[in-house]
Structure formats: C-alpha cells, structure tokens
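A structural walkthrough
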Amino acid sequence: MLYLSQVLGRPIRDLEGESVATVKDVITRLGEDDHPQIIGIVARYRRRDFFVSRWRITEISEAGVRLNSDVLNLKPFERREGEVLLARNVLDKQLIDVDGKRVVRVNDVQLIEVAGAWRVTGADVSLQGLWRRLAPAGFMGTRKPVEVIDWADVGYLATDEATVQLKSASGKLARLHPVEIARLAEALSYHHGSEVVGSLDDETAAETLEEMPAAQQARIIGDMDEERAADILEWMSPDEAADVLGDLPEEKAEELLGLMEGEEQADVAELLPYEDDTAGGLMTTEFVTLPRELTVGAAIARLREMAETPNMIYYLYVVEAEDSWQLIGVIALRSLILADQTAPLAEVMRTEFQSAHPGEAAKEVAQRIAEYNLLALPVVDQAGDILGIITVDDAMEILLPKNWRQRLPRLFA
Amino acid sequence: MLERRAAVRAAGRRLLQRGARGVRNVTPRKRLLAYLAILGPGMITANAGNDAGGIATFASVGADQGYRLLWILIPITISLGLVQEMCARMGAVTGKGLADLIRERFGVRWTALVMLALLIANGGVTVSEFVGIAAATELFGIPRFLSVPLAAVSIWWLVVKGSYQRVERVFLLMTVVFLGYVASAFLAQPEWTKVAAGLVRPSFSFDSAYLFTLVAVVGTTISPYMQVYIQSSVVEKGVTFENYRRTRIDVWVGTVFAILIVFFIVISTAATLHRNDIQVSSAADAAHALQPLAGVYAEALFAVGLFGASMLAAGVLPLATAYSVSEALGFEKGVSRSFREAPIFLGIFTFLVAVGAAIAVLPNLPLIKVLLVTQVINGLLLPVILFAVLRLVNDKELMADRVNGPLYNIAAWATAIVVTLLSLLLILVTIFPRLVFF
C-alpha cells in the first residue's frame, strides 16, 4: 500500500538505476470499476511533462518508480478524454462520501497493488493524511490509524476539470435520500452542486431540488439545458415547479413552461398566476375528486386503479358529477375504508368542512390547518369549484421559524 | 373513465382553457428586496473594519498626527476597494471561499502557512475586540475581570446554541452610534483648510511612531479577515457572474462609505484632542472626540457603540476563522456539531474566544496600546493573504476571462508591494530604532 504523497516528486529510475525524471502525477480513468486502475504516470524532466505507461513500470514504491527499459518516449504529455490526474484533479478537492453521507476534502490518495496492477482504493481524509504531506519527507509522525474512504463510496468528485467524465457515479448518489443529496449538494460550491443535481435521473433530481432553498432551485434550473430543465420540472410537484418558475426571469419561465408536457404544463400554468403569499400560491393541483353518485366500493376500486396516485389521498374530494368541479363534500380515507361498500359517497361524506379562497393570506390558511389539525385544506373559487389543496407540510413551512427549516447554520446569512 | 385518472391532472387543463395561463409577474417589491439582499456583503464587510481596533487606531491617528495622515485615506480607499472587489469577483465566478481556493490551488503547505497567518491575525483582532468590551464596560464603571469573562461565556453560548444571529442585530444597531463622529467632526469646527491640505499633501517620515501608526491604519482598514469574509458572503448570497455588477457597486459604495466614517473620526479627534495635545491612552480619551455632539453624554454614547461593535466582532470573527481553517483543512464544521464530531472547528472557536478574553483581563494592560499592536500584526500578515489573492484572481484556469486587466493588476500589485514594504520597514525600525535613513 502506498499513498500518493509518498510517490509524488520521487525519482523515476531506468534499468541501470539511473534517475531519469521525477513523478509529477499519477493517471487513472474513472469508470465502472469501483477501484480504478492506474494507467500511467506523468513524468517530469527538465520542465517538460511526458507520459509513462504502466506497462513500462516494474515497481512503484516510496523510493520512486522503476522502469523496465532504458528508452523513454519523450513525446509531451497530453491528457486524453476521461483521464484523471490524481494530484491535479483529486488531491485537495472535495468529494461526496456516500457511505458517511458527507462532503470531505481529500488529504491523500491511497493506492494498493492488487494482482500486479496498482489501483486507487481510497481517499485519506484524516489529520494524519494532512500531516504526511506537511511534515518533511521521511518523517512519519504518529502511527494512529488513518481514516480512509473506500473509493467505491465516492459518489461525486468536485473537480473543476470539465473533461473528467464519469466523475459522478449517479448510481451511488441515488442510494441516498433526496434530502441527503440536497444537503450534500448545498455543502459544495454552487457550480458543483448543480452538477450533482444534473447527474441524477429526472425523478431524483426533482425530489432533490424540492429539498433545496427556493433561490437555489431557480438558479440551478435556470442554468440547466432547457429540455432537461423542463423534464425535471415535470417531475416536481406542481406547486414547487410553479414556485421555481416564479423565481425565474419571465422569458426563461415562459420558455421552460412551453417545453413541458401537456398535463404537467397545465398543472403548473394554473398555479402561476397566484402570488407566493396567498393560498393560491401555496396550493398544489394534485388531489383526487370523486363524483357523488359513486359507491364507496367503486371509489376504493378507482383509487386502486389510478396510474398516478397523488401523494395526498387521505382526503378525497366529492364533486357534483363526473365532469364537475363543484365541491360538495370531503371524505377521509379512514371513513371510506370503514364505510359500507354499497353506500353512495353522498351519504358518507362530510358536508361541513374547512376551505380557503385562493386570495386568502397564506399565513392565515396555514394557521387554520394547524388549528383544525387538518392534513390538507381545499382551495375553492367564487363559484364553489375546487382549484387545489394546501397540504400540511406546505403549511408547516410557513408556520415554522426559518431556523427550523434550515437546520444547517448559515454563517453569513 | 379511468383514463381521466380521477381528474387529478385535468384540473389544470380546465383553467388553461379558461385562459389562466400566464407567468406570474415578479412584483416590484420582490425586486427591491432582492436588490437590498444583494446590496450588502461589501457594505457590511468594509464597515466591519470600524471595530474596537479601528476606532482606537483612527482616534490615535487624529490625536497624534492631526490632519497629517489624512492623505493616506485616498490610496487606502482605492486599495481596499480593489482587494475586496477581487475577492468578491472570485466568489462570484468560482462559487468557492478563499480558504477553499487556496487549498485547491496551492496545496497543503501553502494552505497551512496562510491559515496560520489568518489564525494569528484573527486571534489578534479577537483580543482587540475583548479589549474593546473591557474598555466600554469600564466607562460604565464595570470592572473588566467581571465583564470580559461574562461576555466571553455569553458569546460562546449564544454561538454554539445557535441564537447568535438574533442578538447580532442588536449589536449592529448599537454601532450606529459611531455615525455620531460625522456630526461631531462638523460641530468641533475643524480648520477645513488644514483638513484639505492634509488630504492632498502626502507626508512621510521614517520615524518609528509614524510608521507604526501607518501600518496600523493599513492593517485595520484592509484586514485579512475581510477578504475571507466578503468572498464567503458573496458565495453564500449566491451571487453569480451574471448578476455580479450589483455586487461590484456594493463593494465600492461600502468601501467609500467606510472610509468616509474613518475620515470624520480622524477629523473629530484631530480637532478636539490633537488641538489640545491630548494623547489617546484610554477609551475615555477617544470618547472626548464625541463631546462637541453629545457633551457630557459623550462617554456613555461612545461606550455603547464600542460595546456593540466589539460584541459583534468577538462573535463573528472566531466563528469565521474556525470555518475558514476547517474548510481549508477539510475538518467537520458547523456550530450544530458536538465536540466529538467537530473537535477542531469548535476547538479553534473556543480557543480564540478564551484566549481573547484571557489576554483582555490581564491586569495593567494598556488597552489602547494593545488595540494598536493587534492592528499592526494584521498589517504585517496582510501581504501573505494579498499575494495569495493576486495569484488566484489571475489564474486563468480558475477565472477564465474574468482575471484582472493590466491596469487593475498594476494597481493591485502596487498595493501588495507597498503594504509589504511598509511592514518590512516597520519591523526594521522596530528592531533597529536608531537606524537613520537620511
């Protein structure tokens, strides 16, 4: 086992043991492999860099690198697509540790020789790793165990090199909960944070974005490729998507809206005219309506067969007829399940229920939800048509003090 | 029937047909708020320089040198603006803090050096803040061995328990008192012709007292922590290069405003203290300069302002330092972490607060002298940060075409070199006081 810092700057010797150059960097290629193989070394001789393939190397150790020939290819080094230089692109950079669910900085890189091939096995993030590089060469200091992150757990490498392909293994990141991904992306710089979101699949990206502060959501979506942004917006819940569009410049918002698919577009477009701090701005259009003449059994069957069940089905909204939006009653899922299967909904529903107008102040509506211990509150227009619902989690966001919502301390807020 | 998916999605389509489709207009109120939110980091950072050490330094400048040193405020405005703008620009372009960039571009050894410099400089300033607290409370007759430990414990508690941000505003409000110097400067009826002369006619001397004051002035206006702070704030506010113009304006407006306050502090102290040959050796002396405005309440007014400014910085500074060092060296950070989770972060914070408070309660400590010395340490360490900033901001890989222009670079390098020379000169004349140049 070796550490990158123990190899950098060491001599490269030929067959006779003559020092012909020094090690400037170690090259690998990130890919499917959990522990990527080292494919060569950048050698430095007389202020020029050239490439030494791993096939020419017989030994890598703290003493340096030994070659198996006397001939060196002195063609200047040029990085090829997908290659990662460990000293330049990994050392001192941040990465996401999927196992520990945190962002760490790489103090050193661990290399291990397995079956004749050197591989990148881990990132040293401990104080000892720092010490190893700070202290004069040969001075090892403490023998305390080091803290090394298995390279297989590296979910994202925050390097600025745009050509480093596959630096984020989205499959690994997707193992985390969207809340965690959002927190990690926020801990990185803005540029890297949006790269993390961009690397996720549309659905996870949407869920992750929903967990981020509004301003950041808009910034990430706004800077993204338009087609991709529209795809992600479709996956977001309509009220969140409308908030994001509302925070974007008008032209951009209209463009993105235009790129969205019909149904999702309609859902979002409906919410856009409402101000942020009104009931309309708070509501979502994902809810279930059922006609009054339906029986309890048929209603349950219909719920079960829905292809896209909204999140909020604990309350079902009963309307006048199949095509009507006239809200006449509410049924809790609990009463529906307990009720007689053959009874029509009109008999089981509650006709006395709380509702809000779209123009009502968001804060008052949120307070009402808390007061009446509701899970959701329907928003109804002048004509008595249901427009949307406000769920308890959106209400909580309004009621809880800011510090509660963003647990992470904001130093310069 | 079922393809209607229980009408979930259709809800929107209906309104779309009704013609409800449209994009919500961003209301003017929202625009204004966004503007105010962004107009901030530069203003706050530049004015943070007017803390306990700053007030002491500027009061001494006015009292000792009269209007002679006023000229230096013009080059200092330009230098401060340039340095702050470079850091703000780096924050906007890279989205990373200064400590991050230093680590990622210069490697471990340089990072360790810069962080050590920052730690010492900020440690010095933290001491000066607690000295400020001591001075302020002593004006009210509360002994410092009582007030300083109390302040230290409450700051530590407030920050770690996470309610510091709320108290912060109270302290910030208290510093408004220092605007009183502006009125005081006019009421003291200074000789405006001499003010004008001092402002445009540079004077220089190799006298060690003069150099000491000069380096202290530079050190307190262009403090190393300000560069770190502004870059972090810009990153935190989410400024990108597209909306960077407003931040640039904010930086320059903030700089000019901060130096204007300094200008009036120097004038009012010169017109009251220097005229009567009073040396600033205690906080009460510095308070005298407010007498033309506040009369007998001058001391109380000054004490309130000094207390607010010192409490504010005594909390923010150790915290910001702990963040920077932890960030650069990759340690766990955050005030919500426990000592076991983030030992280094909380260790640095606790260490700075404790040491700052401990030094400030030492008996027979010449308060104003200590304040000046900490600013000089700042000045001496400034070149380390300045050269790091200059190398980073001109790094094409990092900044692309947002690197400094040639003229900009000349001015910025000149600042760094002059500050370095001044610092070296001060060390020289301190070690060899009898050294005669001419």
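Our structure's up above, just so we're on the same page.
This section reports on the structure supplied with the text. (Residues numbered from 1 in each chain as written. Chains lettered and ligands numbered in written order. Predicted model: local features only at pLDDT ≥ 70, side-chain atom pairs only at ≥ 80, totals over all residues.)

As for the sheet that holds strand β13 (residues 148-150) of chain A
Residues and elements named next belong to chain A. With antiparallel pairing, 4 strands are arranged side by side in an open sheet as β1-β11-β12-β13. Edge positions in the sheet fall to β1 (2-3) and β13, since each of these pairs with one other strand and no more. In terms of strand pairing, strand β12 (residues 117-124) meets β13 through 3 bridges, oriented antiparallel. By the bridge assignment, Asp124 is partnered in β13 with Val148. (Pairing = 2+ DSSP bridges. Helix = DSSP H or I, 4+ residues; strand = E, 2+ residues; numbered from the N terminus.)

A look at the sheet that holds strand β9 (residues 94-97) of chain A
Residues and elements named next belong to chain A. Spatial strand order, β10-β9-β14: 3 strands in an open sheet with antiparallel pairing. Strands at the two margins of the open sheet, each flanked by one partner only, are β10 (102-105) and β14 (154-158). Pairwise comparison of adjacent strand axes, ignoring direction, gives a mean angle of 25 degrees for this sheet. Sheet topology note: the β9/β14 ladder contains 4 bridges and is antiparallel. Bridge pairing in β14 places Asp97 opposite Val154. (Axes fitted to C-alpha atoms, helices over the stretch in contact; angles between N-to-C directions.)

Digging into the pairing of strand β11 (residues 108-114) of chain A
All names here are of chain A. By the bridge criterion, 2 bridges tie β1 to β11 in an arrangement that is antiparallel. Of the residues in β11, the one forming a bridge with Leu2 is Leu111. Both β11 and β12 contribute to a ladder of 7 bridges, which runs antiparallel. Its bridge partner lying in β12, Glu113 is registered against Trp118. A loop of 2 residues connects β11 with β12, the two strands running antiparallel in sequence, and Ala115 in this loop sits at a positive phi of about 50 degrees.

Digging into unusual backbone geometry
Residue and element names in this part refer to chain A. The backbone of Arg47 shows a phi angle near 60 degrees, a positive value even though the residue is not glycine. Within the fold, Arg47 resides in the loop between β4 (38-45) and β5 (48-53). Positive phi values are uncommon outside glycine, yet Ala115 reaches one of about 50 degrees. Ala115 gets classed as exposed once you count the C-beta atoms within 10 Å, which come to 5. (Buried ≥ 20, exposed ≤ 12 C-beta atoms within 10 Å, placed from the backbone.)

It is worth stressing that arrangement in space is one thing and function is another; only the former is reported here.
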